[in-house]
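# Results of the structural survey
For reference, the chains in residue letters:
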Amino acid sequence: DHSSSTELEFPIRATFYYPWYPETFTINGAWAHYKPLLGWYSSSDPKVARTHIDAMDYAHIDLSIASWWGPDSHLDRARLNMLMDETLAMGSALK
């Protein structure tokens, strides 16, 4: 049973989620200063998505607000669909 978003109760613990990687590990050709704990990963990898969902569940996050680059960005749309599919498949209460 997956609760609908109308069943959230205040206070709501939320986080912003940026599925932009590996595209934004470099900025103007320079590597980011910090290396992620998961290494240089791809946001398209379902294993990475599951790891992030597990971390959000562990932190008792209720709601994840995913960044999106718009309707013409096929890669982002595929990543968002994959994130939602993985969240449901894991039985996470994350919205």
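Residues numbered from 1 in each chain as written. Predicted model: local features only at pLDDT ≥ 70, side-chain atom pairs only at ≥ 80, totals over all residues. Heavy atoms only, no water.

This part covers the packing of aromatic side chains. Counting across every chain of the model gives 6 aromatic pairs. Ring centres of Y21 and Y41 lie 5.8 Å apart, and the angle between their planes is 65 degrees; on these two criteria the pair is classed as edge-to-face. Pair noted here: Y21 is in the loop between strand 1 (14–17) and strand 2 (26–27) and Y41 is in the loop between strand 3 (30–31) and helix 1 (46–58), with a separation of 20 residues, a long-range link. For the residue pair Y21 and Y41, the accessibility class agrees, reading buried in each case. On the basis of an interplanar angle of 90 degrees and a centroid distance of 5.6 Å, the ring pair of F25 and Y41 is categorised as edge-to-face. Of the two residues, F25 sits in the loop between strand 1 and strand 2 while Y41 sits in the loop between strand 3 and helix 1, which places them 16 residues apart along the sequence. For F25, a relative accessible area of 5% translates into the label buried. According to the relative accessible area criterion, Y41 is buried, its value standing at 13%. (Phe/Tyr/Trp six-rings, centres within 6.5 Å; stacked < 30°, edge-to-face > 60°. Helix = DSSP H or I, 4+ residues; strand = E, 2+ residues; numbered from the N terminus. Buried < 20%, exposed > 50% of the residue type's maximum accessible area, 1.4 Å probe, protein only.)

For the structure shown, the criterion picks out 2 salt bridges. For R79, the salt bridge identified is with E23, shortest N-O distance 3.1 Å. Of this pair, R79 sits in helix 2 (residues 74–89) while E23 sits in the loop between strand 1 and strand 2, and the two are 56 residues apart along the sequence. Judged by its relative accessible area of 3%, R79 falls in the buried class. Across the pair E86 and R50 runs a salt bridge whose closest N-O atoms are separated by 3.2 Å. Residue E86 is found in helix 2, and its partner R50 is found in helix 1; the two are separated by 36 residues along the sequence. (Salt bridge = Lys/Arg side-chain N within 4 Å of Asp/Glu carboxyl O.)

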